[in-house]
Protein chains: 2
Amino acid sequence: MNSKLIRLASLPIGIPQVANFHFGFEELATIKTGELLLKTLYISVDPYLRAKMAGGHKPPLVAGDIVYSRAVAEVVDSARPEFKPGDKVLGFMEWRDHLIHNGEGLTVLNANGLPLSSYLSILGSTGLSAYFALTDIGKPKPGETLVVSGAAGAVGSIAGQIGKLMGCRVIGIAGSDEKVEWMKSQLGFDEGVNYKATPDIEAAIARLCPGGVDIYFDNVGGIISDAVINRMNDYGRVVVCGSIASYNDTETEMGPRLLPLVVYKKLLIQGFLIADYKTRFAEGIGRLQQWVAAGQLQYIETIMDGFDKLPEAFIGLFQGKNEGKMIVKV
Amino acid sequence: MNSKLIRLASLPIGIPQVANFHFGFEELATIKTGELLLKTLYISVDPYLRAKMAGGHKPPLVAGDIVYSRAVAEVVDSARPEFKPGDKVLGFMEWRDHLIHNGEGLTVLNANGLPLSSYLSILGSTGLSAYFALTDIGKPKPGETLVVSGAAGAVGSIAGQIGKLMGCRVIGIAGSDEKVEWMKSQLGFDEGVNYKATPDIEAAIARLCPGGVDIYFDNVGGIISDAVINRMNDYGRVVVCGSIASYNDTETEMGPRLLPLVVYKKLLIQGFLIADYKTRFAEGIGRLQQWVAAGQLQYIETIMDGFDKLPEAFIGLFQGKNEGKMIVKV
């Protein structure tokens, strides 16, 4: 069988271009004992892949590598007893429309009343990142003020909603008036800032958060984070879940020094990696499912159709083309 | 009785100058019920006072204020039952050679076999800051690598020694070859860096910490911290105890952005304030006393003689004139 695949043709400089990717074909052998033949159904595209291409996120992706990310696939043929044809599985997979897999790290998915793509969004590492990063590092208390950057994105749109469920006042920062309006009307955020139309972001945060900021859930870094961190209250927590503004930097970017603020305000700034919470995934999924079932948590997906759209979908992450989680349907 | 006192004459710009201070005199009234007459014995000068003059450390010190800090005094006369003449007391006091005090926040000191100045150094907030900041935020584990900046200073010289007691490899950064030699020979540090003679601090840290840095105990901020944080291991902890390099800045200083590193390396960066540990002071003092009594912990003081030396002693903190805790004997 012929497998379509996508390699990184060259390391991007700045924002990735379609030319950084190369489509190829490979004839798949017949599966051997211990192997599975999978048909890919949904592939997740995520900002951290850009960080892998820059070498910051380990292991790095280098030119010539087949790109890989989390995906949902269907088992077509199995030479492993724990998987049978028709099973839907979740795991890290190469960007291929069909692939041979040794089964390592794959989970068989149960029907959960939601579309299969939900395992890449609300019930996958996206939802789990929002839940654990906010609750474990941010430690929200009722009445506190939470600011979320990248608030219309995959993790941010969930983190802000969980903040509301935990009694916080939530202010989201996003890149268009439509996104701000949508966060307020659909996700229940209290306030929003369109950073592209706001020359002085710090003044906007000061106006919308007159009592200061207790928790900053950061997906973007850069000048947006400078502005929010300047408005933090004493003992504020900065949850660093991503830093998309920096992933495309070609050299070390300069910004105002943070350490004086850290000591003056007794801030906590902590980086987050979802893989560290593996032993608690069941707890997180249970909580997220409960909220979704009760209609208290909206999960938002932007699904692009067709394997060939993978580079475009990935690049779109840096152009603000997604609301919620960006997923490609193969 | 005539009291000599020191006011902040003007807010310093950059490094404080003697001209920023003004010596005055005030006739003290006879004490009333509830008051004490104190004779100051030792006064602590600390970098955070500069941060108060810049408004970063609250409450700020403004022009015209009598400067105040922690001090040890002797009770000369008392109209409060819990204090009697001859008692030695510790607390925040204005920079005066004699003063009237309402007793609030004062602790009567017991003889501990150490000089009275020890209550401003190893058994005071200096030693307690080193102990709680390192153990509570840094969470040292045997075999880990600890880098201390401002390592010949009051808090740094103790933090490094406690790191050794907890089984860490300890590298100190200080401002002269003499200080480096002293940290290694007297305090038991494994290695040291004289940052003034080291053009590439990051390369020096890389060479001395081939396995990376697990804990960075930071008293200084600025380019020294940039260098160390670049060499942190995944899940490294940055204990921000002070930021002396920034206290004299007249505008926001720029530096390489930290947030991408925080997310790539899952770092924790946290500011520290000793006042938050009030309920645990007895525990900390007990631990420190035990180590000192066992000869495992050296406490180092630079004592300048005479009330009039207060401004000079304070300014000396920014010129690297102290080894260990800077104290003025009145």
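The shown structure was predicted, so the numbers you read here are calculated from the model rather than taken from an experiment.

A few words on the overall build of chain A. When its secondary structure is counted, chain A shows 10 helices and 16 strands. With the C-alpha coordinates of chain A rotated into their principal frame, the extents come out at 65 × 45 × 35 Å. Per-residue burial for chain A yields a buried fraction of 57% across its 330 residues. Expressed as a percentage of contacts within chain A between residues at least 6 apart in sequence, the contacts between residues at least 24 apart total 66%. If you sum the accessible surface of chain A, you get close to 13200 Å²; carbon and sulfur atoms cover 52% of it. Placing the 32 positive and 35 negative side-chain charges of chain A at their respective mean positions leaves the two points 3 Å apart.

This part is about the packing of helix H2 (residues 125-138) of chain B against helix H9 (residues 281-293) of chain B. All names here are of chain B. Running from N to C, H2 and H9 point in directions that differ by 100°, and their axes come no closer than 10 Å. Taken together, the axes of H2 and H9 are roughly perpendicular relative to one another. Between H2 and H9, the residues in contact are Gly127, Leu128, Tyr131 and Phe132 and Phe281, Glu283, Gly284, Ile285, Arg287, Leu288 and Trp291, respectively. Residue classes in the contact of H2 with H9 are distributed as seven nonpolar, two polar and two charged.

All right, on to the relation of the copies chain A and chain B then. Mapping chain A onto chain B is achieved by rotating through 180° and translating by 0.0 Å along the same axis, at an RMSD of 0.0 Å. In symmetry terms, the pair is related by a two-fold rotation axis. Interface overlap between copies is the fraction of interface residues in one copy that are interface residues in the other; for chain A against chain B it reaches 100%, indicating a shared surface.

Right, let's get into empty space enclosed by the protein. For the structure on display, the rule yields two cavities of 30 Å³ or more. At the level of secondary structure, the elements contributing two or more residues to the lining of the largest cavity comprise strand E13 (254-256) and helix H8 (259-265) of chain A together with helix H6 (222-229) and strand E13 (254-256) of chain B. Class assignment for the residues of the lining of the largest cavity results in eight nonpolar, five polar and four charged. What the second largest cavity holds in volume is close to 30 Å³. Grouping the constituent residues of the lining of the second largest cavity by class yields two nonpolar, three polar and three charged.

Residues and elements named next belong to chain A. Taken domain by domain, chain A holds domain 1 (2-121 + 300-329) and domain 2 (125-275). The centre of domain 1, based on its C-alpha atoms, is set 28 Å off from the matching centre of domain 2. Taken together, the 21 residues of domain 1 in the interface contact 16 residues of domain 2. At the boundary of domain 1 with domain 2, total buried surface from both sides reaches about 1400 Å², with 57% on carbon and sulfur atoms. Counting every contact that joins domain 1 to domain 2 gives zero salt bridges. Looking at which element gives the most residues to the side of domain 1 that touches domain 2, the answer is helix H1 (residues 48-53), with three residues. When grouped by side-chain class, the residues that make up the side of domain 1 that touches domain 2 number 11 nonpolar, six polar and four charged.

Right, let's talk about the pattern of salt bridges for a bit. Scanning the model with the defined rule gives 37 salt bridges over all chains in all. We note a salt bridge from glutamate 74 of chain A to lysine 88 of chain A, for which the minimum N-O separation is 4.0 Å. Linking glutamate 74 of chain A in strand E4 (residues 68-78) with lysine 88 of chain A in strand E5 (residues 88-94), this pair joins segments that are 14 residues apart in sequence. Judged by its relative accessible area of 27%, glutamate 74 of chain A falls in the partly exposed class. Across the pair glutamate 35 of chain B and lysine 32 of chain B runs a salt bridge whose closest N-O atoms are separated by 4.0 Å. Residue classification places glutamate 35 of chain B among the buried positions, given a relative accessible area of 19%. Look at lysine 32 of chain B and you get exposed, because its relative accessible area is 56%. Three or more residues are tied together by salt bridges with common partners; here these are Arg7, Glu26, Glu94 and Arg96 of chain A.

Here we take up unusual backbone geometry. Residue proline 59 of chain A is reached from lysine 58 of chain A by a cis peptide bond, and omega for that bond is -10°. Relative to the helices and strands, proline 59 of chain A is located in the loop between H1 and E4. The backbone phi angle of tyrosine 235 of chain B is positive, close to 65°, even though this residue is not glycine. Taking the relative accessible area as the measure of exposure, tyrosine 235 of chain B reaches 36% and is therefore partly exposed. Unlike most non-glycine residues, lysine 266 of chain B shows phi in positive territory, near 55°. Within the element layout of this structure, lysine 266 of chain B appears in the loop between helix H8 (259-265) and strand E14 (268-271). The exposure class of lysine 266 of chain B is buried, given its relative accessible area of 12%.

Rules and cut-offs
- Within each chain, residue numbers correspond to sequence positions counted from 1 in written order.
- By the order in which they are written, chains take letters starting at A while ligands take numbers starting at 1.
- Local features are withheld for residues below a pLDDT of 70 in this predicted model, meaning they are given only at 70 or higher, and side-chain atom pairs are given and counted only at 80 or more; totals for whole chains, interfaces and linings count all residues.
- To get the side-chain values, take all heavy atoms of the structure and skip hydrogens and water.
- Going along the chain from the N terminus, every DSSP run of H or I of four or more residues is numbered as a helix, and every run of E of two or more is numbered as a strand.
- The classification of residues rests on relative accessible area computed with a 1.4 Å probe and restricted to protein chains. Under 20% of the type maximum is buried, over 50% is exposed, and intermediate values are partly exposed.
- Here, two residues are considered to be in contact whenever any of their heavy atoms come within 4.5 Å of each other.
- Note on areas: these come from Shrake-Rupley sampling with a 1.4 Å probe, and a residue is covered only by the protein chains present in the view.
- The convention is simple: Lys and Arg are positive, Asp and Glu are negative, and His and the chain ends are not counted.
- A single reference atom marks each charge: NZ on Lys, CZ on Arg, CG on Asp, CD on Glu.
- Angles shown run from 0 to 180 degrees and are taken between the N-to-C directions of axes, each axis being a line fitted to C-alpha atoms and, for helices, limited to the stretch in contact.
- Angular relationships are summarised with four words: roughly parallel below 35 degrees, roughly antiparallel beyond 145, roughly perpendicular across 65 to 115, and oblique for the angles in between.
- We call Asp, Glu, Lys and Arg charged. Ala, Val, Leu, Ile, Met, Phe, Trp, Tyr, Cys and Pro are nonpolar, and the rest, Gly among them, are polar.
- A residue counts toward the fit only if its pLDDT is at least 70 in both copies, and the copies are then superposed by least squares on the C-alpha atoms of those residues.
- With a 1 Å grid laid over protein atoms only, a set of points is called a cavity when a 1.4 Å probe fits there but cannot get out and a pocket when it is open yet has protein on both sides within 12 Å along at least five of seven lines; lining residues have an atom within 4 Å of a point.
- Grid points are joined across faces, edges and corners, and a volume is the space filled by probe spheres set on the points.
- An automatic or database domain assignment supplies the residue ranges for each domain.
- Put simply, buried area is how much 1.4 Å-probe accessible surface two parts lose in total, over both of them, once they are put together.
- Salt bridge, as used here, is a side-chain nitrogen of Lys or Arg placed within 4 Å of a carboxyl oxygen of Asp or Glu.

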